[in-house]
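Each chain, letter by letter, is given below.
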Amino acid sequence: LSKPFLSKCGVVSVQDNRVSIWSAGDLGNAGLSGEYHGEPHLLCDIQHNGDVMDMQFLDQERIVVASSTGTVTIFRHHQNNQTLSANHRWEKAHYHHVDQDTSCGGAACTGVVCNNPEIVTVGEDGRINLFRADQKDAVRTIDNADSSTLHAVTFLRTTEILTVNSIGQLKIWDLRQQRNEPSQIFSLAGDRVPLHCVDRHPNQQHIVATGGQDGMLSIWDIRQGTMPVSLLNAHEAEMWEVHFHPSDPDHLFTCSEDGSLWHWDTSTSVSEKPSFLHQGGRSTAYLSHSTINQSVVSAWLSNDPTKDRMEITNLIPNQTLSVNSLDVLGPCLVYGTDAEAIYVNRQLFA
């Protein structure tokens, strides 16, 4: 999956096994739809071995990239002369046990999350690695952390991480503990539907959102129970990414293989309206569910579906190709699709 991400220095994209830094130009010239129609400018790029499975900024200059070969690389963006270089590389951070010593034994590194200087990676091999940017070897490795593929990881707190796997489980790992077992396990009821993505509420760390193969959005309260507090019908195919807005977490964004990108808004109470409206080319649905409350504390955890409503907007209703990834910062949303293009929307809250 191509993964674009935002930072103050521009947009990062991946195409044809290269990591590229792009300038989106004068984003103030966005059209009425909020999409930028100018020509992006390629600042620099560098070759990357294997498919890029995930990537994240470590800081304003360094980018951590996960490869299908199992290797994890830190690339440095030299802004003075606009070049990229490999700053550090952990070869075969993920591998299949039987092939550890062979040239083709790498297992895909499927997810990476950074909390500078710490980097956590997960993979197809069910392994969890904790790296530090300034150290050659892994600080800690949990072999056989999971018997299935780990698809994504995020920090819950400084010393705790969350992982999701291919059998519908959400697990919490306390990195202070030396035992190689999760401190908590949460599961979807019924069929073991693979979970592909996870994000934590930026202000209320007990609220977690996940998405998976069935396109459902799951909201979890990790303080209680072992199952999600809300299951919301969302996309018609796999959900690839879920992200709370980092500074306005009443807003959440999801994207899918079905070509849709949804904006979930719990910021206001919505009165009775028709189930589907068409405004400015956008398809907007109002779903009655257990997700709205005037209290910010309980906005995502309200258990009374009759009180209020959630506003959901499909930001690209005419899209047909898979939306593989997204990121959001302030009023700006960037996403990448199977059309081999990066789109920027600057008017999320217009």
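Look a little higher up for the structure.
Residues numbered from 1 in each chain as written. Predicted model: local features only at pLDDT ≥ 70, side-chain atom pairs only at ≥ 80, totals over all residues. Heavy atoms only, no water.

**Describing the overall build of the chain**
Going by this rule: Here a helix means four or more residues in a row that DSSP labels H or I, a strand means two or more in a row labelled E, and each is numbered from the N terminus. Partly exposed residues are those whose accessible area sits between 20% and 50% of the maximum for their type, while under 20% is buried and over 50% is exposed, using a 1.4 Å probe and protein chains only. Any two residues having at least one pair of non-hydrogen atoms within 4.5 Å are treated as being in contact. Every accessible area reported is derived by Shrake-Rupley at a probe size of 1.4 Å, with residue values counting cover from the shown protein chains alone.
Of regular secondary structure, the chain possesses zero helices and 29 strands. Sorting the 350 residues of the chain into buried and exposed places 55% on the buried side. Taking as baseline every contact in the chain between residues at least 6 positions apart, the subset at least 24 positions apart corresponds to 48%. Of the roughly 15400 Å² that the chain leaves accessible, carbon and sulfur atoms contribute 45%.

**Observations regarding the sheet that holds strand 12 (residues 140-142)**
Just so we agree on the cut-off: The rule for pairing is simple: two strands pair if DSSP sees at least two bridges between them. The axes used here are C-alpha line fits, helices contributing only the stretch in contact, and every angle between their N-to-C directions lies in the interval 0 to 180 degrees.
Taken in spatial order, the four strands make up an open sheet running 9-10-11-12, and their pairing is antiparallel. The sheet terminates laterally at strand 9 (109-115) and strand 12, the two strands that pair on one side only. Going across the sheet, the axis of each strand differs from the next one's by a mean of 15°, ignoring polarity. Relative to strand 11 (residues 128-132), strand 10 (residues 118-123) runs antiparallel, the two being bridged by five bridges. Paired with threonine 121 across the strands is asparagine 129, a residue of strand 11.

**Structural notes on the packing of aromatic side chains**
Stated formally: Planes of paired rings set the category: under 30 degrees apart is stacked, over 60 is edge-to-face and the rest tilted, where pairs are Phe, Tyr or Trp rings (Trp by its six-membered ring) whose centres lie within 6.5 Å. In our convention, an over-ring charge means Lys NZ or Arg CZ found within 6 Å of a ring centre and within 35 degrees of that ring's normal.
Scanning the entire structure with this criterion turns up five aromatic pairs. A centroid spacing of 6.2 Å and a plane angle of 75° characterise the contact between phenylalanine 186 and tryptophan 220, whose relative ring orientation is edge-to-face. Of the two residues, phenylalanine 186 sits in strand 16 (residues 184-187) while tryptophan 220 sits in strand 19 (residues 217-221), which places them 34 residues apart along the sequence. Tryptophan 220 shares its class with phenylalanine 186; the two are buried. Between the aromatic rings of tryptophan 262 and tryptophan 264, the centroid separation amounts to 5.5 Å while the plane-to-plane angle is 50°, which identifies the pairing as tilted. Here arginine 127 stacks its cationic end above the ring of tyrosine 95, 4.0 Å away from the centre of that ring.

**Comments concerning unusual backbone geometry**
The residue after asparagine 116, namely proline 117, is reached through a cis peptide bond having omega 10°. Position of proline 117 among the secondary structure elements: in the loop between strand 9 and strand 10. Backbone geometry at glutamine 82 places phi at a positive 50°, although glycine is not the residue there. Mapped onto the secondary structure, glutamine 82 falls in the loop between strand 7 (72-78) and strand 8 (83-90). Owing to a relative accessible area of 29%, glutamine 82 belongs among the partly exposed residues under this scheme. Even without being a glycine, asparagine 144 presents a positive backbone phi close to 55°. Assignment of secondary structure puts asparagine 144 in the loop between strand 12 and strand 13 (150-157).

**Considering the pattern of salt bridges**
Side chains that differ in sign of charge can pair as their charged atoms come close. Definition in use: Here a salt bridge means any side-chain nitrogen of Lys or Arg lying within 4 Å of a carboxyl oxygen belonging to Asp or Glu.
Using the criterion set out here, one finds eleven salt bridges in the structure. Its salt-bridge partner being glutamate 118, residue arginine 132 comes within 2.9 Å of it at the nearest N-O pair. Residue arginine 132 is located in strand 11, and its partner glutamate 118 is located in strand 10; the two are separated by 14 residues in the primary sequence. For arginine 132, a relative accessible area of 27% puts it in the partly exposed group. For glutamate 118, a relative accessible area of 13% gives the class buried. A salt bridge links glutamate 160 to arginine 157; the nearest nitrogen and oxygen atoms lie 2.5 Å apart. For arginine 157, a relative accessible area of 39% gives the class partly exposed. Several salt bridges converge on common partners, so that one network encompasses Asp125, Arg127 and Asp143.

**Here's the deal with empty space enclosed by the protein**
Where empty space is left can be seen by rolling a probe of water-molecule size over the atoms. Under the convention used in this document: Detection works on a 1 Å grid of protein atoms alone, calling trapped sets that fit a 1.4 Å probe cavities and calling open sets with protein on both sides within 12 Å along at least five of seven lines pockets, with lining residues defined by an atom within 4 Å of a point. Grid points are joined across faces, edges and corners, and a volume is the space filled by probe spheres set on the points. Each residue gets one label: Ala, Val, Leu, Ile, Met, Phe, Trp, Tyr, Cys and Pro are nonpolar, Asp, Glu, Lys and Arg are charged, and the others, such as Gly, are polar.
Here the structure, examined in full by the defined rule, presents one cavity of 30 Å³ or more. Taken as a whole, the largest cavity encloses approximately 30 Å³ of empty space. Counting only elements with at least two residues in the lining of the largest cavity, the list comes to strand 12 and strand 15 (169-174). Of the residues in the lining of the largest cavity, the class split is three nonpolar, one polar and four charged.

**Some words on the pairing of strand 11**
Of all the five residues making up strand 11, four are buried; the element is thus mostly covered by neighbouring parts of the structure. Turn length for the strand 10-strand 11 hairpin, with the two strands adjacent in sequence and antiparallel, is four residues, and the turn residue glycine 126 shows positive phi of about 75°. In the sheet, strand 11 pairs with strand 12 via three bridges, with the strands oriented antiparallel. Across the sheet, the residue bridging to leucine 130 is arginine 140, located in strand 12.

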